[in-house]
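# Close look at the chain arrangement
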Amino acid sequence: MTPDDLGPALHLAGTCYPDYPEDAAVFAERLALSPEGCFVLECRGRLAGYLFSHAWKGAVSVPLNTVLGHLPDTPDRWYIHDLALAPALRGGGHARTAIALAENQARKRGLGLLSLTAIGPALPFWLSQGFASEPACAHEQAVLALYDANARLLTRRVDQASSSASP
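Residues numbered from 1 in each chain as written. Predicted model: local features only at pLDDT ≥ 70, side-chain atom pairs only at ≥ 80, totals over all residues. Heavy atoms only, no water.

By the definition in use, this model includes five salt bridges. The salt bridge involving Glu29 is made with Arg30; its shortest N-O contact spans 2.9 Å. Arg30 shares its class with Glu29; the two are buried. Where Glu103 meets Arg156, a salt bridge forms, and the shortest distance between an N and an O atom there is 3.0 Å. Placement of Glu103 in helix α3 (residues 94-108) and of Arg156 in strand β6 (residues 152-157) is noted, with a sequence separation of 53 residues between them. Take Glu103 and Arg156: they sit in the same class, and that class is buried. Each of Asp76, Arg77 and Glu134 takes part in salt bridges that share partners, so that together they form one network. (Salt bridge = Lys/Arg side-chain N within 4 Å of Asp/Glu carboxyl O. Buried < 20%, exposed > 50% of the residue type's maximum accessible area, 1.4 Å probe, protein only. Helix = DSSP H or I, 4+ residues; strand = E, 2+ residues; numbered from the N terminus.)

Turning our attention to the packing of aromatic side chains. What the rule picks out here adds up to six aromatic pairs. Measuring from centroid to centroid gives 6.1 Å for Trp56 and Tyr79, while their planes differ by 45°, and the two rings are tilted. Of the two residues, Trp56 sits in strand β2 (residues 46-56) while Tyr79 sits in strand β3 (residues 77-85), which places them 23 residues apart along the sequence. Of the two residues, Trp56 and Tyr79, both sit in the buried class. Judged by centre distance (5.0 Å) and plane angle (75°), the rings of Phe125 and Trp126 are edge-to-face. You can call Trp126 buried: its relative accessible area is 8%. These aromatic residues form a ring-pair network of at least three members: Phe27, Tyr50 and Phe52. (Phe/Tyr/Trp six-rings, centres within 6.5 Å; stacked < 30°, edge-to-face > 60°.)

Pairing in this open sheet of six strands is mixed, and the strands run β1-β2-β3-β4-β6-β5 from one edge to the other. The sheet is open, and its two edges are formed by β1 (38-43) and β5 (132-133), each paired on a single side. Here β3 pairs with strand β4 (residues 113-118) via three bridges, running parallel. Across the sheet, residue Trp78 finds its bridge partner in β4, namely Leu114. In the packing of helix α1 (residues 6-16) onto the sheet, the strands contacted are β2 and β3, and the crossing angle to β2 comes to about 90°. Of the strands in this sheet, β1, β2, β3, β4 and β6 touch α3, which is tilted by about 155° from β3. (Pairing = 2+ DSSP bridges. Contact = heavy atoms within 4.5 Å. Axes fitted to C-alpha atoms, helices over the stretch in contact; angles between N-to-C directions.)

This part covers the nonpolar core. By size, the foremost hydrophobic cluster in this structure holds 22 residues, and its most contacted members are Leu51, Ile80, Leu114 and Trp126. If you list the elements that add at least two residues to this core, you get β2, β3, α3, β4 and α4 (123-128). The dominant element in this core, judged by the number of residues it contributes, is α3, at six residues. Counting 16 residues, the second-largest nonpolar core is a separate cluster that includes Cys16, Val26, Cys38 and Phe52. (Core = buried A, V, L, I, M, F, W, Y, C linked by side-chain atoms within 4.5 Å.)

So this is what it looks like as structure tokens:
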């Protein structure tokens, strides 16, 4: 991903997640803080999917539409901030490829967990990918409520020995 991809990514986010808006500054910051965790999928010369991911620490989700300022000095997991695919490309294995890219970033840093905040409508997909809910403390419950009533912090272990995709 490059800065030129941010406008099309923001447009796709608005199409895919109209109930979960994020400002352009959030996407720009994620790319600036973790360029190695940001990827695009192009189809016919146009952005058709993206992944924003970065190092993170602890079992509290990143609040929706929040600029972080910095990433943790001692992360314990790799966090999938946002994954979107144009509707026409869903079901083609692209999401699994994006998850593998995030796992590779975790593996490179020796992080044993991959985490994300699943919004209600996407929860079944993430559970089918081997993610499981983490217990939610009161702080996490308040953060999840910013998303929707069914949002969950999900985590799965990263196999440190394998590498299923390369950037």
